[in-house]
Amino acid sequence: MKIVVINGTQVKGCTYRIKEIFLDALREGNTIKEYYLPKDLPHFCVGCKNCFFKSEEQCPHAEYVMPIWNDLLESDLLVFAAPVYALRTTAQMKTLLDHLCVHWMVHRPDERMRYKRAVILTNAIGMIQKGAQKDVATSLRWLGVSDIKALGLGLMEGVVWKELSEKRRGAMTAKIQKLASKYKKPRRVRRGIKNRALFFMTKLLHQAIAKKENPLSADSRHWVDKGWIKG
Ligand SMILES: Cc1cc2nc3c(=O)[nH]c(=O)nc-3n(C[C@H](O)[C@H](O)[C@H](O)COP(=O)(O)O)c2cc1C
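About the thresholds
Along each chain, residues carry numbers from 1 onward, in the same order as the chain's sequence is written. For a predicted model such as this one, the threshold for reporting local features is a pLDDT of at least 70, and the threshold for listing and counting side-chain atom pairs is 80 or more; totals across whole chains, interfaces and linings nevertheless cover every residue. Side-chain numbers here rest on the full set of heavy atoms in the structure, without hydrogens or water. In this text, near means that some heavy atom of the residue lies within 4 Å of the molecule or strand in question. Within 3.5 Å is the distance limit for a polar contact, defined as a pair of N or O atoms, with the added protein rule that one can donate a hydrogen and the other accept it, and that residues adjacent in sequence qualify only through two side-chain atoms. Calculation of accessible area relied on Shrake-Rupley with a 1.4 Å probe; when residues are assessed, cover is drawn exclusively from the protein chains displayed. Helical segments are the DSSP runs of H or I of at least four residues, strand segments are the runs of E of at least two, and each set is numbered from the N terminus. In the scheme used here, Gly and all other residues not listed as nonpolar or charged are polar, with Ala, Val, Leu, Ile, Met, Phe, Trp, Tyr, Cys and Pro taken as nonpolar and Asp, Glu, Lys and Arg as charged. By convention a nonpolar core is built from buried Ala, Val, Leu, Ile, Met, Phe, Trp, Tyr and Cys residues, the set being connected through side-chain atoms within 4.5 Å. A 1.4 Å probe rolled over the protein chains alone gives each residue an accessible area, and that area as a share of the maximum for its type sets the label: buried under 20%, exposed over 50%, partly exposed in between. Residues are treated as being in contact if the distance between any of their heavy atoms lies within 4.5 Å. The start and end points of each domain follow an automatic or database-based domain assignment. Buried area is a sum: the accessible area each of two parts loses on coming together, probed at 1.4 Å, counted once for each and added. Each reported salt bridge corresponds to a side-chain nitrogen of Lys or Arg within 4 Å of a carboxyl oxygen of Asp or Glu.

1. Notes on the site of the ligand
The immediate surroundings of the ligand are formed by 14 residues, with Cys14, Thr15, Val84, Asn123 and Gly126 found nearest. One nitrogen or oxygen atom from the side chain of asparagine 123 is found 2.8 Å from an oxygen atom belonging to the ligand. Separating an oxygen atom of the ligand from a backbone N or O atom of glycine 126 is a distance of 2.9 Å. When isolated, the ligand has an accessible area of 610 Å², and the protein chains bury 71% of it. Mapped by element, the contributors of at least two residues to the shell around the ligand are helix 1 (14–24) and strand 4 (117–124). Classifying every residue of the shell around the ligand by side-chain character gives 10 nonpolar, 4 polar and no charged.

The structure is reproduced here in structure tokens:
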């Protein structure tokens, strides 16, 4: 199984330790590729829209974005690990998600995303983590992923891993390992109802838009070339 990990912080702190515990359970027999943000994508989306109107290859940051996107496409398990900042995901994680909008179903999706499993690992001093998880999950759903699980860990006692009590670290480790155990064996992913419904709705939308276009936009051309709509 191929695993790609997007680390939403470069700090080797709690997020790093949590992600390492998760991966340690899966290292045997699997290939793991990791990206650290912002090092591996040090630029915000500038809003040029080259990706939408021309090609994602013409994104000014394609040299950073394309390797990440290709690894996401080629992996079976996608892991997103990020701390909660101001109740949401980190800006550097959001920056990657912004760069991937071109592959949302409303633009140019890739059918390979339907068969991925994804895990979102968050931690925060407190328990409110849904917003940060949703930031990532929303993008993944629109990218076509339907098998998404999230685990949020409330540190409660502080924000420095080695200062947390043995009991706290032990409890978190057990939860992380329990989640990781679900990914030890590759499993066939079934597309969920939500995933099918989103695709169906966007298909109708693209068909209606394509009818009015001459020449076809890059998005419509993609849908026609995939055989999903008529040209
Ligand atoms: C800028 C910043 C904002 C944060 N915002 C929150 C927050 O809104 N809620 C919360 O419970 N913890 C918050 N935290 C704590 C982090 O979610 C995280 O638990 C902490 O940074 C430890 O993880 P790390 O060692 O990987 O950085 C914040 C931390 C930072 C640095």
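On we go from here.
2. Observations regarding the nonpolar core
The biggest cluster of nonpolar side chains holds 30 residues, and the ones touching the most others in it are Ile6, Trp69, Leu72, Leu78, Phe80, Met93 and Leu140. Of all the elements in the fold, those that place two or more residues in this core are strand 1 (2–7), helix 3 (62–74), strand 3 (77–83), helix 4 (91–99), strand 4 and helix 5 (130–143). If one sorts the elements of this core by residue count, helix 3 sits on top with 7 residues. Not counting residues up to four positions away in its chain, the partners in contact with leucine 78 are Val4, Leu72, Met113, Lys116, Arg117, Ala118, Val119, Leu140 and Val145. Membership of the second largest hydrophobic core comes to 24 residues, among which are Val119, Leu151, Trp161 and Leu179.

3. A short note on the domain arrangement of the protein chain
Looking at the protein chain, the domain boundaries give domain 1 (2–191) and domain 2 (192–231). Inter-centroid distance (C-alpha atoms) of domain 1 to domain 2 is 28 Å. Contacts between the two partners involve 17 residues from domain 1, matched on the other side by 16 residues from domain 2. Carbon and sulfur atoms make up 53% of the surface buried where domain 1 meets domain 2, a total of about 1500 Å² over both sides. Of all residues in domain 1, Met105, Arg108 and Arg191 bury the most surface against domain 2, accounting for 42% of the area lost on that side. For arginine 108, the salt bridge identified is with aspartate 219, shortest N-O distance 2.9 Å. At the surface where domain 1 touches domain 2, the tally comes to 11 residue pairs in polar contact (both at pLDDT 80 or more). Secondary structure elements with two or more residues in the side of domain 1 that touches domain 2: helix 2 (50–53) and helix 5. Class assignment of the residues belonging to the side of domain 1 that touches domain 2 gives a composition of 7 nonpolar, 3 polar and 7 charged.

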